[in-house]
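Spelled out from the first residue to the last, the chains are:
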Amino acid sequence: MTTQPKKAQYEQRGPVPQDVIHAVDFELPPLQAGQVRVAVLAAPINPSDVLTLTGEYGLLPPLPAVGGNEGVGRILEVGDGVTGLPAGTVVLLPVGCGTWTTHLTLPAKGLVPLPSGVDPVQLSMLTVNPPTALLMLTEFVDLQPGDWVIQNAANSAVGGYLVQLAKLRGINTINVVRRASAIEAVKASGAEHVVVDAEDLPKRVRELVGDVPVKLAIDCVGGVSTENLARCLVEGGTLVNYGAMSGERCMISPRYFVFRDIVLRGFWLSQWFKKAAPDKRMAVFGEIAGLIAEGKLQARIQASYGLDDIREAVAAAASGARDGKIVIEPNGPSRAAI
Ligand SMILES: NC(=O)c1ccc[n+]([C@@H]2O[C@H](COP(=O)([O-])OP(=O)(O)OC[C@H]3O[C@@H](n4cnc5c(N)ncnc54)[C@H](OP(=O)(O)O)[C@@H]3O)[C@@H](O)[C@H]2O)c1
């Protein structure tokens, strides 16, 4: 385990995300009453982390900042007055606390203990992408077993979680990717129907699954991909956008709103967090943590990096055609750790 505390910090934002971040040494502050010291086990690099470094995300922390929005850690030491969280407990790190660091010193209050004996890398991705997939499946359309959903960027982490969660609910998915080389990985995550995006997407979908009524379309690409999905929907269907991987605005003809009564909605987990009642939040995270612990919900991992290679890691996360997530394990490989 690394002894010198280190964090991946940035003092400015810029168009090339890996150019602004670097690893710096720091001193651990004295542990105060009510606090715990945590060794970070794993933290992913999500597209939102990359957009935070370039300054394009909807929520930007003040500078200087430490990268990383989510992750898990193990409690090393507890301050006076802390009960119920003994040293050794694996905890979910608070959202937005700067997780690309070897150590965090955090208030014990509000920390969520996680099941033991579970791969920390899978647990580290619990906060952002799985609830996004779950909520998009459940909050917009009252889907029943046997219903059909279509999504693009289906080889993304969100896409993989959505396939798994839909399957558990008996919901059928049509999975759109932008390159044929991604098809096998999506099938390996449990998807039966995978198709490459194109102008003639509705025809390709019909050839694949027949003339099924698709009630919900889920878009994180934007550009013409948004309209390609809309054209696959049943009259009155709902299209939910939650990202813009193409960097383009959603391009969709008014004809789909006017003549086919398509509804276009947006989803942002941060907004949901703010508005959702605490018991609803607990229910969503409880379901997801349980499924990950049981091995029923997982994401593919392309590579894991230490903090000294943070620039390489960010560059890898910002590049396309990956086969899974890039994760940071600040204290070295953590899979065998619990
Ligand atoms: N709104 C919310 O609350 C919320 C929450 C979580 C995530 N998100 C968004 O969800 C999306 C997926 O996140 P993730 O962590 O699952 O992503 P990820 O695992 O890093 O995968 C990225 C996906 O984007 C595709 N992609 C990359 N560049 C593209 C381009 N120029 N045009 C079209 N597709 C492109 C990739 O396809 P290739 O493999 O072919 O490159 C891949 O399918 C992101 O946009 C993220 O910001 C939103």
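Quick caveat: nothing in here was measured; it's all calculated off a predicted structure.

Conventions we followed
Residues numbered from 1 in each chain as written. Predicted model: local features only at pLDDT ≥ 70, side-chain atom pairs only at ≥ 80, totals over all residues. Helix = DSSP H or I, 4+ residues; strand = E, 2+ residues; numbered from the N terminus. Rg over C-alpha atoms; globule rule 2.2 N^0.38 Å. Contact = placed C-beta atoms within 7 Å. Near = placed C-beta within 6 Å. Domains from an automatic or database assignment. Expected span 1.5 Å × (residues − 1). Pairing = 2+ DSSP bridges. Axes fitted to C-alpha atoms, helices over the stretch in contact; angles between N-to-C directions. Buried ≥ 20, exposed ≤ 12 C-beta atoms within 10 Å, placed from the backbone. Nonpolar A, V, L, I, M, F, W, Y, C, P; charged D, E, K, R; others polar. Right-handed = clockwise from strand over helix to strand, strands pointing away. Parallel < 35°, antiparallel > 145°, perpendicular 65-115°, else oblique. Left-handed = near helix turned anticlockwise from the far one by under 90°.

Novice: Looking at this structure, how should I read the overall build of the protein chain?
Specialist: Check the secondary structure of the protein chain and you find 12 helices and 16 strands. Radius of gyration (C-alpha) of the protein chain: 21 Å, near the 20 Å computed for a compact globule of 338 residues. Dimensions along the principal axes, computed over C-alpha positions, put the protein chain at roughly 65 × 40 × 35 Å. For the protein chain, long-range pairs separated by at least 24 residues make up 70% of all intrachain contacts whose partners lie at least 6 apart in sequence.

Novice: I tried to follow the site of the ligand on my own but got confused; where do I start?
Specialist: In the vicinity of the ligand, 27 residues are found, and the nearest of them are Ser156, Ala157, Gly243, Leu269 and Gly320. Among the secondary structure elements, those contributing two or more residues to the shell around the ligand are α2 (47-54), α4 (129-138) and α5 (157-168). Two domains each put at least three residues into the shell around the ligand: domain 1 (6-125 + 299-337) and domain 2 (129-270).

Novice: Looking at this structure, how should I read helix α11 (residues 278-293)?
Specialist: Note on helix geometry: an α-helix contains 3.6 residues per turn, so any two residues three or four positions apart are oriented the same way. An ideal rise of 1.5 Å per residue puts 22 Å on 16 residues; α11 measures up with 22 Å between its terminal C-alpha atoms. Positive backbone phi, at 75 degrees, marks Gly295, one or two positions downstream of α11.

Novice: Hey, could you run me through the sheet that holds strand β12 (residues 214-219) in this one?
Specialist: The strand order β11-β10-β9-β12-β13-β14 describes an open sheet built from 6 strands, whose pairing is parallel. On the outer flanks of this sheet lie β11 (193-196) and β14 (263-266), each paired with one strand and no other. The mean inter-strand angle of the sheet, taken between neighbouring strand axes irrespective of direction, is 20 degrees. Sheet contacts for α5: β9 (148-151), β10 (172-177) and β12; angle to β10, the most-contacted strand, approximately 165 degrees.

Novice: Honestly, the environment of Glu70 in this entry has me stumped. Any pointers?
Specialist: Note on placement: Glu70 falls in the loop between β4 (65-66) and β5 (72-78). When the 23 C-beta atoms within 10 Å are taken as the criterion, Glu70 is described as buried. Through-space distance from the C-alpha of Glu70 to that of Asn46 is 9.2 Å; in sequence the pair is 24 residues apart. Once residues lying within four places of it in the same chain are set aside, the contact partners of Glu70 are Ala43, Pro44, Leu93, Val95, Thr99, Ser124, Met125, Thr127 and Val128.

Novice: So what exactly am I meant to see when it comes to the domain arrangement of the protein chain here?
Specialist: Taken domain by domain, the protein chain holds domain 1 (6-125 + 299-337) and domain 2 (129-270). Centre-to-centre, using C-alpha coordinates, domain 1 lies 30 Å away from domain 2. Counting from both sides, the interface comprises 9 residues of domain 1 and, opposite them, 10 residues of domain 2. The class makeup of the residues in the side of domain 1 that touches domain 2 is 5 nonpolar, 1 polar and 3 charged.

Novice: Help me out: how do you make sense of unusual backbone geometry in this one?
Specialist: A negative phi angle characterises most non-glycine residues, just as the trans form characterises most peptide bonds. A cis geometry characterises the amide bond from Leu63 onward to Pro64, with omega recorded as -5 degrees. Following the sequence through the fold, Pro64 ends up in the loop between α2 and β4. Although it is not a glycine, Asp261 sits at a positive phi angle of roughly 55 degrees. Within the secondary structure, Asp261 is located in the loop between α9 (254-258) and β14. The phi dihedral of Ala321 is positive, around 55 degrees, even though this residue is not glycine. In this structure, Ala321 sits in the loop between α12 (310-318) and β16 (325-328).

Novice: Looking at this model, I keep getting lost on the sheet that holds strand β1 (residues 6-10). Mind explaining?
Specialist: Within a beta sheet, neighbouring strands are joined by backbone hydrogen bonds and run either parallel or antiparallel to one another. With antiparallel pairing, the 3 strands of this open sheet are ordered in space as β2-β1-β4. This sheet does not close on itself; its edge strands, each paired only once, are β2 (21-25) and β4. Pairing of β1 with β2 involves 5 bridges; the strand directions are antiparallel. Pairing of Lys7 across the sheet is with Val24, part of β2. Along the sheet, α12 contacts β1 and β2; its crossing angle with β2, the most-contacted strand, is approximately 150 degrees.

Novice: Can you help me understand α5 in this one?
Specialist: With 12 residues, α5 extends 17 Å between its outermost C-alpha atoms, agreeing within 8% with the 16 Å of an ideal straight helix rising 1.5 Å per residue. With 10 of 12 residues buried, α5 is to be regarded as a mostly interior element. For α5, the set of buried residues is Ala157, Val158, Gly159, Gly160, Tyr161, Leu162, Val163, Gln164, Leu165 and Ala166. Here the buried face of α5 lies against α4, β9, β10, β12 and β16.

Novice: Quick question: what am I supposed to make of the pairing of β10 here?
Specialist: Two faces belong to every sheet, and in a regular strand the side chains alternate between them. Where burial is concerned, most of β10 is hidden: 5 out of the 6 residues are buried. Two elements, β9 and β10, share 4 bridges in a ladder whose sense is parallel. Bridge pairing links Val149 to Thr173 in β10. Taking the sense of rotation as the criterion, the β-α-β connection linking β9, α5 and β10 turns out right-handed. Note that the unit made of β10, helix α6 (residues 183-188) and β11 has a crossover that is right-handed.

Novice: In this structure, what is going on with the packing of α4 against α5? I would like to understand it.
Specialist: The description of two packed helices rests on the angle between their axes and on the distance between the axes. Interhelical geometry of α4 versus α5 gives an angle of 50 degrees and a closest axis separation of 8 Å. Judged on the interaxial angle alone, α5 and α4 are oblique. At the point where α4 passes α5, the crossing takes the right-handed sense. Contacts from Asn129, Pro130, Thr132, Ala133, Leu134 and Leu137 of α4 reach α5 at Ala157, Val158, Tyr161, Leu162, Leu165 and Ala166. Partitioning the contact of α4 with α5 into residue classes produces 10 nonpolar, 2 polar and no charged.

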